[in-house]
Amino acid sequence: MEPVTESSRTRRRMTGAERREQLIQVGRALFADKGFDGTSVEEIAASAKVSKPVVYEHFGGKEGIYAVVIDREMQRLLSLVTQALSASHARVKLERAALALLQYIEESSEGFRILVRDSHAASGTGTFASLISDIASQVEDVLADEFRERGYDPKLAPMYAQMLVGMTALTGQWWLEVRRPAREEVAAHLVNLSWNGLKGLDANPGLTGATRGMILTPAAETRTPRPTEREAKEQEKLRREQEKAREREQRERARQLERRQRELEKAKEREQRERSRELERQLKEQEKLRREQEKAREREQRERAKELERRQRELEKAKEREQRERSRELERQQPGEI
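Residues numbered from 1 in each chain as written. Predicted model: local features only at pLDDT ≥ 70, side-chain atom pairs only at ≥ 80, totals over all residues. Heavy atoms only, no water.

With that settled, the discussion passes to the pattern of salt bridges. This model, assessed by the stated rule, comprises 32 salt bridges. Here Arg72 makes a salt bridge to Glu21, at a shortest N to O gap of 2.9 Å. Residue Arg72 is found in helix α5 (residues 62-84), and its partner Glu21 is found in helix α2 (residues 16-34); the two are separated by 51 residues along the sequence. The exposure class assigned to Glu21 is partly exposed, which follows from its relative accessible area of 31%. Salt-bridge contacts for Glu309 lead to Arg313; the nearest nitrogen and oxygen are separated by 3.2 Å. Residue Glu309 and its partner Arg313 are located together in helix α11 (residues 229-337), separated by four residues, close to a single helical turn. Accessibility expressed as a relative area gives 48% for Glu309, which makes it partly exposed. Exposure remark for Arg313: the relative accessible area of 41% places this residue in the partly exposed category. One network of salt bridges, in which partners are shared, links Glu287, Arg290, Arg291 and Glu294. (Salt bridge = Lys/Arg side-chain N within 4 Å of Asp/Glu carboxyl O. Helix = DSSP H or I, 4+ residues; strand = E, 2+ residues; numbered from the N terminus. Buried < 20%, exposed > 50% of the residue type's maximum accessible area, 1.4 Å probe, protein only.)

Within this numbering scheme, the UniProt entry marks residues 40-59 as carrying the feature "DNA-binding region" (unreviewed entry). Regarding residues 40-59, the helix share stands at 80% and the strand share at 0%, and the terminal C-alpha atoms are separated by 13 Å. (UniProt positions renumbered as here; feature names shortened; annotations may be inferred.)

To continue, consider α2. Over its 19 residues, α2 runs 27 Å from end to end, which matches the ideal 27 Å to within 8%, given 1.5 Å per residue. Every buried residue of α2 is accounted for by Gly16, Arg19, Arg20, Gln22, Leu23, Ile24, Val26, Gly27, Arg28, Leu30, Phe31 and Ala32. Gly35, located one to two residues past α2, shows a positive phi value of around 85°. (Expected span 1.5 Å × (residues − 1).)

So, about unusual backbone geometry. Trans is the prevailing form of peptide bonds, just as negative phi is the prevailing case for residues other than glycine. Omega for the peptide link from Arg180 to Pro181 comes to 0°, which places this bond in the cis form. Counting through the fold element by element, Pro181 comes out in the loop between α9 (157-178) and α10 (183-199). Located in the positive-phi region is Lys49, a residue other than glycine, with phi close to 60°. Note that Lys49 resides in the loop between α3 (41-48) and α4 (52-59). A positive phi angle, close to 60°, is found at Arg179, a residue other than glycine. On the secondary structure map, Arg179 appears in the loop between α9 and α10. Look at Arg179 and you get partly exposed, because its relative accessible area is 32%.

A separate point is empty space enclosed by the protein. Any empty space left between the atoms is revealed when a probe the size of a water molecule rolls over them. Scanning all chains against the criterion turns up four cavities of 30 Å³ or more. By volume, the largest cavity amounts to about 230 Å³. Taken together, 16 residues make up the lining of the largest cavity; nearest its centre are Ala97, Ala98, Leu164, Val165 and Thr168. Put simply, the parts of the chain that give the lining of the largest cavity at least two residues each are α6 (90-107), α8 (128-150), α9 and α10. For the lining of the largest cavity, the element with the highest residue contribution is α9, accounting for five residues. For the lining of the largest cavity, the residue count by class is 14 nonpolar, two polar and no charged. Its volume calculated, the second largest cavity comes out at about 160 Å³. Ala90, Leu143, Glu146, Trp195 and Leu198 are, among the 13 residues lining the second largest cavity, the residues nearest its centre. Considering each element in turn, the lining of the second largest cavity owes the most residues, six residues, to α8. The residue inventory of the lining of the second largest cavity, partitioned by class, reads nine nonpolar, no polar and four charged. (1 Å grid on protein atoms, 1.4 Å probe; cavity = no way out; pocket = protein on both sides within 12 Å on 5 of 7 lines; lining within 4 Å. Points joined across faces, edges and corners; volume = space filled by probe spheres on them. Nonpolar A, V, L, I, M, F, W, Y, C, P; charged D, E, K, R; others polar.)

Written out as structure tokens, the structure reads:
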């Protein structure tokens with residue numbers, strides 16, 4: 001048997017699942033460094049030391065890899081925050097949620113850079129923005145309960161949830177680069193601002209008289225505090241255009257979500273096909289090994305039969321020699337007796 005050397009181990013061909021995971025990790029590092037648009041299939045293939053067709057075979061292009069990377073990172077971060085929000089006390093929930101985000105940033109910097117950098121069609125729903133929205137919806141339930149207990153309007157909880165999560169997320173983006181102070185200290189300051197702010201919350205907040213009704217305009221323009229009828233119409237027109245833009249954006253997000261879903265389904269189908277091929281290959285190898293073992297057993301049985309037959313012949317020959325020897329001995333003894 002040929003000895004297994006270091007070179008023979010390195011030449012071992014990767015399985016389909018191993019190659020797929022390698023391409024995901026290579027793509028993740030490149031997306032974090034260069035972004036989606038700055039990364040090409042050629043770079044992914046070169047870094048993985050494979051040809052471009054291998055990338056297309058497994059993922060259909062860089063979009064497939066990007067969709068898997070984004071899905072993994074979003075699920076990981078959302079899982080950490082969800083665990084943090086399972087605490088019983090409201091302040092502990094805020095502390096653990098802040099720590100969860102900072103822990104994710106510290107342990108998965110590449111993943112966080114990907115989430116906050118790109119908002120590409122391949123990501124489906126806008127990546128980080130959609131993730132923040134998912135987290136805010138969970139925080140919203142926590143705040144609604146706290147508002148009811150303290151006599152505040154629980155309908156305001158969604159707005160306050162966006163404020164808290166947005167503040168924490170932007171702080172996390174800042175901390176990604178500076179990395180000081182330590183994450184527990186950053187979390188403590190975040191909770192200090194948010195918790196003490198909530199603790200002294202005014203049930204009916206309002207602007208001061210000096211600010212109420214104020215409309216800021218560029219210095220070059222001169223407008224009266226009250227808009228004219230024409231300006232009011234223009235503002236109404238602008239409002240309708242903004243509503244249409246939001247509707248278009250929602251439709252686009254829905255299309256992106258559907259596109260992302262299709263991409264994930266295709267990736268899963270490719271993975272299933274790869275697994276089926278791998279299973280089929282293993283079954284063929286097992287069948288081949290079984291046939292070889294059967295042939296070996298047949299050869300061994302034939303060899304044993306031959307050996308048994310040879311021994312039988314030798315025994316018969318020995319008996320024949322013994323009988324002849326006895327006959328000759330008997331013949332020698334008979335003349336003397338007479």
